[in-house]
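# Descriptive analysis of the structure
Listed below are the residues making up each chain.
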Amino acid sequence: MQVQVGSDYDLAASLKINRTAVRIARNLAAHQQAGEVGWAPQLRELIAFQKIADVLGTEAAFANLVGIAPLEDRDTVAEIVTKAIGRPVTLALGRQL
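Below you will find a few notes about this structure. Please read these numbers as outputs of a predicted model, since none were measured by experiment.

Most peptide bonds take the trans form, and the phi angle of most residues other than glycine is negative. Unusually for a residue other than glycine, Lys-16 sits at a positive phi of about 65°. Mapped onto the elements of the fold, Lys-16 is located in the loop between helix H1 (9-14) and helix H2 (19-33). On the accessibility criterion, Lys-16 (68% relative accessible area) is exposed.

On the surface, a cluster of nonpolar side chains totalling about 220 Å² of accessible area is made up of Leu-11, Leu-15 and Ile-47. Residue placement: Leu-11 occurs in helix H1.

On to the pattern of salt bridges. Oppositely charged side chains can form a pair if their charged atoms are brought close together. One pass over the structure, following the stated rule, counts four salt bridges. Across the pair Glu-45 and Arg-44 runs a salt bridge, and its minimum N-O distance is 3.5 Å. The buried category is assigned to Glu-45, whose relative accessible area is 14%. On the basis of relative accessibility, which here comes to 61%, the residue Arg-44 falls in the exposed class.

Conventions we followed
Residues numbered from 1 in each chain as written. Predicted model: local features only at pLDDT ≥ 70, side-chain atom pairs only at ≥ 80, totals over all residues. Heavy atoms only, no water. Helix = DSSP H or I, 4+ residues; strand = E, 2+ residues; numbered from the N terminus. Buried < 20%, exposed > 50% of the residue type's maximum accessible area, 1.4 Å probe, protein only. Patch = residues over 30% accessible without salt bridge, like charges linked within 9 Å, V, L, I, M, F, W, Y side chains within 5 Å. Areas by Shrake-Rupley, 256 points an atom, 1.4 Å probe, with all protein chains shown as cover. Salt bridge = Lys/Arg side-chain N within 4 Å of Asp/Glu carboxyl O.

Structure representation (structure tokens):
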């Protein structure tokens, strides 16, 4: 038996989590439901997103969102995030040359 537990994205929005991040999570959840991707951010990831955004900025938070996606879904997640924010997401630590 498999149990699917969804996230309450309306609750995420009411918690003042970045609207774009919530929209991305909803989009990924729809792709997950269609069997096109195996992962979508849950409420705990969205709360973590907002905490990171508050401290390091939204660019770092979006990069982290892509980075925590399972490897097999990461390219799809990166593509969806890139489309939503209008620029590519860079997964890198430290100063870049």
